[in-house]
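Observations on the three-dimensional arrangement
Listed below, chain by chain, are the residues.
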Amino acid sequence: MFHREGQKIILLTFFLVVVAAVLADFYILTDWIRITVQMLSILILVSILQFFRNPKRISNKNFNEIHAPVDGKVVVIERVMETEYFKEERLQISIFMSPVNVHVTRYPASGVIKYSKYHPGKYLVAWHPKSSEENERTTVVIRTPKFGDILYRQIAGAMARRIVNYAEEGESVQQGEESGFIKFGSRVDVFLPLDALVAVKLNQKVKGAITCLASLNTYDGE
């Protein structure tokens, strides 16, 4: 299953690969060169297909947990000053996505969208300290039943040139549902209350809609 954001580029790549394979068959007389060109064309198509793959994820929805919004590796766990929405200290958990990761973004919690904004910007490498503030990005805030307002931010990287964000202010969303897509390697920052209990470690690999990033400080038995 492939993501809708990749439909055009998949069809275009498929067409170009077929054309390249046919032309190579007709005009390249040397066997090893012809086969090499055809194999490289197929590899390009396979790479595009794997990038836009959209595996089905069944999220165990839980108001007491914040789930990873994307696949990738945890690269930041720290207290920071969040200056765009909260304007106060928050617990930041950042997930870096390489080009081989699934790039679908999913809602980390159920609730109501209180804020959704796109910011044009630079294309620094995703792990650069300033990328969260200076790169092209989208910021989304969800008002949740248990954690209050939580914020997640899609950040474009050096390769990413388009961020897709489906979140619209005022709509109700469910944990694990698709909330967007980032094309070609990037990262997502999640900002949580300071008393949230972190459930992941640095360099841990996580799966969107599956891995619990943090839970409530105390459970109420629900």
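Just above sits the structure.
This text gives an overview of the structure that appears in the document.

Conventions we followed
Residues numbered from 1 in each chain as written. Predicted model: local features only at pLDDT ≥ 70, side-chain atom pairs only at ≥ 80, totals over all residues. Heavy atoms only, no water. Salt bridge = Lys/Arg side-chain N within 4 Å of Asp/Glu carboxyl O. Buried < 20%, exposed > 50% of the residue type's maximum accessible area, 1.4 Å probe, protein only. Phe/Tyr/Trp six-rings, centres within 6.5 Å; stacked < 30°, edge-to-face > 60°. Lys NZ or Arg CZ within 6 Å of the ring centre and 35° of its normal. Pairing = 2+ DSSP bridges. Helix = DSSP H or I, 4+ residues; strand = E, 2+ residues; numbered from the N terminus. Axes fitted to C-alpha atoms, helices over the stretch in contact; angles between N-to-C directions. Parallel < 35°, antiparallel > 145°, perpendicular 65-115°, else oblique. Contact = heavy atoms within 4.5 Å. Nonpolar A, V, L, I, M, F, W, Y, C, P; charged D, E, K, R; others polar. Core = buried A, V, L, I, M, F, W, Y, C linked by side-chain atoms within 4.5 Å. Polar contact = N/O pair within 3.5 Å; in protein donor to acceptor, adjacent residues only side chain to side chain.

**Overview of the pattern of salt bridges**
Taken as a whole, this structure holds nine salt bridges when the rule is applied. A salt bridge links Arg143 to Asp149; the shortest N-O distance between them is 2.7 Å. With relative accessibility at 42%, the residue Arg143 sits in the partly exposed group. Residue classification places Asp149 among the buried residues on the basis of a relative accessible area of 14%. One network of salt bridges, with partners in common, ties together Asp25, Asp31 and Arg34.

**Here's the deal with the packing of aromatic side chains**
Counted under the stated rule, the structure contains four aromatic pairs. Here the aromatic rings of Tyr85 and Phe86 are separated by 5.1 Å at their centres, their planes lie at 85 degrees, and the arrangement is edge-to-face. Given a relative accessible area of 27%, Tyr85 falls into the partly exposed group. Aromatic ring contacts, followed pair by pair, group Tyr85, Phe86 and Tyr115 into a single cluster. The ring of Phe86 carries Arg90 above its face, with NZ or CZ at 3.8 Å from the centroid.

**Some words on the pairing of strand β14 (residues 212-215)**
In summary, the side chains of a regular strand alternate between the two faces of the sheet. Direction of pairing for strand β1 (residues 65-67) relative to β14: antiparallel, over a ladder of three bridges. Bridging across to β14, Glu65 finds its partner in Ser215. The sheet contact formed by strand β12 (residues 197-198) and β14 spans two bridges and is antiparallel. Across the sheet, residue Leu197 finds its bridge partner in β14, namely Ser215.

**Section: the packing of helix α1 (residues 7-27) against helix α2 (residues 31-51)**
In helix packing, the relevant descriptors are the interaxial angle and the interaxial distance, both defined with respect to the helix axes. Viewed as axis vectors pointing N to C, α1 and α2 meet at an angle of 175 degrees, and their least axial separation amounts to 9 Å. Classified by the angle between their axes, α1 and α2 sit roughly antiparallel to one another. Seen from α1, the contacting residues are Ile9, Ile10, Thr13, Phe14, Val17, Ala20, Ala21, Ala24 and Asp25; seen from α2, they are Arg34, Val37, Gln38, Ser41, Ile42, Ile44, Leu45, Ile48 and Leu49. In the contact of α1 with α2, the residues fall into 13 nonpolar, three polar and two charged.

**Concerning the environment of Val173**
Structurally, Val173 can be placed in strand β9 (residues 172-173). Placed 63 residues apart in sequence, Val173 and Ser110 show a C-alpha to C-alpha distance of 5.5 Å. Look past the residues within four positions of Val173 in its chain and what remains in contact with it is Tyr107, Ala109, Ser110, Gly111, Ile113 and Ile142.

**Here's the deal with the sheet that holds β12**
The strand order across the open sheet formed by three strands is β1-β14-β12, and the pairing between neighbours is antiparallel. If you trace the sheet from one side to the other, it starts and ends with β1 and β12, each paired once.

**Overview of the nonpolar core**
The biggest cluster of nonpolar side chains holds 30 residues, and the ones touching the most others in it are Ile142, Tyr152, Leu192 and Leu213. The greatest single-element share of this core, amounting to four residues, is contributed by strand β3 (residues 88-97). The contact partners of Ile142, leaving out residues within four places of it in the chain, are Tyr107, Pro108, Ala109, Ser110, Gly111, Val112, Ile113, Gly148, Asp149, Ile150, Tyr152 and Val173. Ile48, Val102, Val104 and Phe181 belong to the second-largest nonpolar core, a separate cluster that totals nine residues.

**What about the side chain of Asp71?**
Residue position: Asp71 is located in the loop between β1 and β2 (72-82). Its relative accessible area of 9% is what places Asp71 among the buried residues. Reaching out from Asp71, the side chain makes a polar contact with the side chain of Arg57 at a distance of 2.8 Å. One polar contact links the side chain of Asp71 to the main-chain amide nitrogen of Gly208, over a distance of 2.7 Å. Leaving out residues up to four positions away in the same chain, Asp71 has contacts with Arg57, Ile95, Phe96, Met97, Asn101, Val102, Val206, Lys207 and Gly208.

That is the geometry; function is a separate question.
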